[in-house]
Amino acid sequence: MGSYGTSDFRKGLKVQIDGDPYIMIECNFVKPGKGNAFYKCKLRNLLRNTVLDRTYKGGETLEQADVVEIAAQFLYRQGETFVFMDNESYEQYELSAEQVDDGWKYLKETMVCSMVLFNNNPITMTPPNHVVLRVEYCEPGAKGNTATNVTKPCRVETGAEIQCPAFINMEELIKVDTRTGEYVERVKE
Amino acid sequence: MSTPSDFRPTATREVLQQRAHLLQRLRQFFTTRGFLEVDTPLLSTDTVIDRHLDPLTVTLFSDPRQMQTGPTYWLQTSPEFAMKRLLASGLQRIYQVTHAFRGGEAGRYHNPEFTMVEWYRIGDDLESGMGLLGDLCEELLPYGRPELLSYEAAFERELAIDPHRADVASMSNIAQKRNIAIPDSIGSDRNDWLNLLLAECVEPSLGQDRPTILFDYPADQAALSQIRQGPPAVAERFELYVRGIELANGYHELLDADELRRRNRVTNEQRQADGKATLPEKSRLLEAMDAGLPACAGTALGFDRLVMLATNSESLEQVLTFPIDRA
């Protein structure tokens with residue numbers, strides 16, 4: 001992997017610092033008067049999610065990180081291990097429950113997720129923004145109550161608990177926003 | 001949802017109207033004071049030699065089938081050299097609105113191509129040069145008359161250090177105490193540390209209640225300004241800040257050609273040490289100064305930033321038609 005000079009610095013750049021992959025989430029170019037240029041950057045660690053504040057002087061370089069994003073299909077879960085397959089190469093990748101984080105709540109077999117590889121090892125997985133899940137169990141729906149602001153918990157097919165409106169019944173399909181974990185709408189079969 | 005289109009400008013029509021109006025008022029300001037508007041070349045065989053300014057080049061090819069072959073001209077980082085040649089040729093009060101180019105400068109407040117207003121008046125010194133800049137600021141922006149604050153007083157006020165004498169260790173100490181992210185490559189150049197503290201601690205506070213003109217810079221940051229002997233010796237250079245943003249840079253101009261030759265040499269050595277190309281030390285400006293540049297002060301102002309402040313915009317791209325990434 002090569003390196004990036006300060007003039008390549010921009011939001012979204014993936015770099016390696018002390019062996020860890022980072023994504024540049026902010027880069028501000030400052031140059032006081034006739035002085036030297038400084039690049040004030042915020043970098044998010046792609047393994048730990050911590051944010052680093054770093055300032056670079058014009059002319060410094062950062063190592064490029066071998067970070068790629070692939071489309072990966074969820075195959076199955078085996079205990080604490082989630083198995084995915086690269087849709088193009090058919091290569092299989094395993095993620096731990098810790099790496100999948102809250103993602104397990106939305107994972108259905110054959111679902112295509114976005115996966116980030118660092119040095120060809122999977123590090124994170126992001127499900128699609130919206131997923132449709134079947135309600136496995138909830139209290140009976142309150143007939144006539146179409147208000148969406150009255151909510152109740154329901155258990156969906158993945159085993160996760162989602163807050164849904166009171167009118168939802170068992171076996172119905174609901175659309176959930178995976179970024180917020182919130183109910184979006186009821187889906188007709 | 002349609003994808004955002006790149007052909008449209010990043011400035012709104014309202015901002016473009018305000019921009020045009022501001023330019024009219026600016027021209028009015030200079031016309032009523034007896035300034036002549038001039039127009040000098042963007043391409044020149046001469047260029048300013050500055051450690052931290054990197055000019056872009058254009059090749060004037062003789063054979064269009066070999067566009068990379070031919071003499072190199074510099075896109076001007078400011079119209080300074082040409083305007084001083086006009087002063088040395090007898091013009092007394094001149095101003096210019098022009099595009100200027102600086103390689104590698106892009107960000108919220110920077111675009112590699114930008115609009116600069118530059119003016120010179122024979123007979124001005126540091127005080128009257130700052131006075132004229134103050135008049136312009138008061139007339140074009142709704143923030144009142146600038147206060148004058150020396151570089152030393154600003155550092156004393158914000159950091160309780162003397163910028164002309166503080167050593168690297170004490171400046172590094174302050175930076176650490178203030179939790180400033182310190183670049184790994186900063187080294188032991190005093191000016192690099194002064195610039196870091198200026199950018200991180202001093203600049204954000206400048207021009208907040210009302211505009212501020214910072215003056216009397218460290219002598220080794222003189223660029224093309226005169227040095228007033230001390231102690232401490234200071235550069236008769238000044239900068240206007242409005243709401244933490246640097247808007248203009250002015251000099252009580254250096255007249256001594258031999259001193260400029262010496263500074264050019266030193267700057268090129270620094271550029272070489274930084275791993276950068278050296279820039280031509282001979283120039284027609286030196287010839288003009290040898291012939292006699294009359295005492296004067298001059299100022300360059302970033303017009304896009306002025307529009308930004310006048311329109312309460314957040315970034316340069318909000319006042320430009322097409323910033324570099326869609327130019």
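What you see is a predicted model, and the numbers here were worked out from it, not measured in a lab.

Asker: Just to check I follow, could you spell out the overall build of chain A for this structure?
Answerer: Regarding its fold elements, chain A presents one helix and 16 strands. The C-alpha atoms of chain A give a radius of gyration of 22 Å, which is well past the 16 Å a tight globule of 189 residues would have. Buried residues in chain A amount to 43% of all 189 residues. Looking at chain A alone, contacts between residues at least 24 apart form 44% of all its contacts between residues at least 6 apart.

Asker: In this structure, what is going on with helix α6 (residues 190-202) of chain B? I would like to understand it.
Answerer: For an α-helix, the turn length of 3.6 residues means that residues three or four places apart are oriented alike. For α6(B), a buried count of eleven out of 13 residues is recorded, marking the element as mostly surrounded by other parts of the structure. For α6(B), the complete set of buried residues consists of B:N191, B:D192, B:W193, B:L194, B:N195, B:L196, B:L197, B:L198, B:A199, B:C201 and B:V202. Lining the buried residues of α6(B) we find β4 (38-45) and β5 (51-57) of chain A together with α4 (151-159), α5 (168-177), β8 (212-218) and β10 (234-242) of chain B. Between the side-chain oxygen at the start of α6(B) and the backbone nitrogen of B:N191 there is a gap of 2.7 Å, and the oxygen is on B:D189.

Asker: Please explain the packing of helix α1 (residues 13-32) of chain B against helix α9 (residues 303-310) of chain B as it appears in this structure.
Answerer: Each packed pair of helices is defined by two parameters, the angle between the axes and the distance between the axes. Residues and elements named next belong to chain B. Orientation of α1 relative to α9, taken along the N-to-C sense of each, is 120 degrees, at an axis distance of 10 Å. The way α1 lies across α9 gives a crossing that is right-handed. Contact residues: V15, Q18, R19, L22 and L23 in α1; F303, D304, L306, V307 and A310 in α9. In terms of residue class, the contact of α1 with α9 is made up of seven nonpolar, one polar and two charged.

Asker: Explain the confidence of the model for chain B here, please?
Answerer: Note that predicted coordinates carrying low pLDDT should not be read in detail. For chain B, mean pLDDT is 95; residues scoring 70 or higher make up 98% of the total. The ipTM assigned to the predicted complex is 0.81, against a pTM of 0.82.

Asker: What am I meant to see in the environment of B:L194 here?
Answerer: Residues and elements named next belong to chain B. Of note, L194 is situated in helix α6. The class for L194 is buried, based on a relative accessible area of 0%. In this structure the C-alpha to C-alpha distance between L194 and H164, which are 30 residues apart in sequence, comes to 9.5 Å. Those residues in contact with L194 that sit more than four places away from it in its chain are Y151, F155, P163, M171, P218 and Q221.

The rules behind these values
Residues numbered from 1 in each chain as written. Chains lettered and ligands numbered in written order. Predicted model: local features only at pLDDT ≥ 70, side-chain atom pairs only at ≥ 80, totals over all residues. Heavy atoms only, no water. Helix = DSSP H or I, 4+ residues; strand = E, 2+ residues; numbered from the N terminus. Rg over C-alpha atoms; globule rule 2.2 N^0.38 Å. Buried < 20%, exposed > 50% of the residue type's maximum accessible area, 1.4 Å probe, protein only. Contact = heavy atoms within 4.5 Å. Polar contact = N/O pair within 3.5 Å; in protein donor to acceptor, adjacent residues only side chain to side chain. Axes fitted to C-alpha atoms, helices over the stretch in contact; angles between N-to-C directions. Left-handed = near helix turned anticlockwise from the far one by under 90°. Nonpolar A, V, L, I, M, F, W, Y, C, P; charged D, E, K, R; others polar. pLDDT = per-residue confidence, 0-100.

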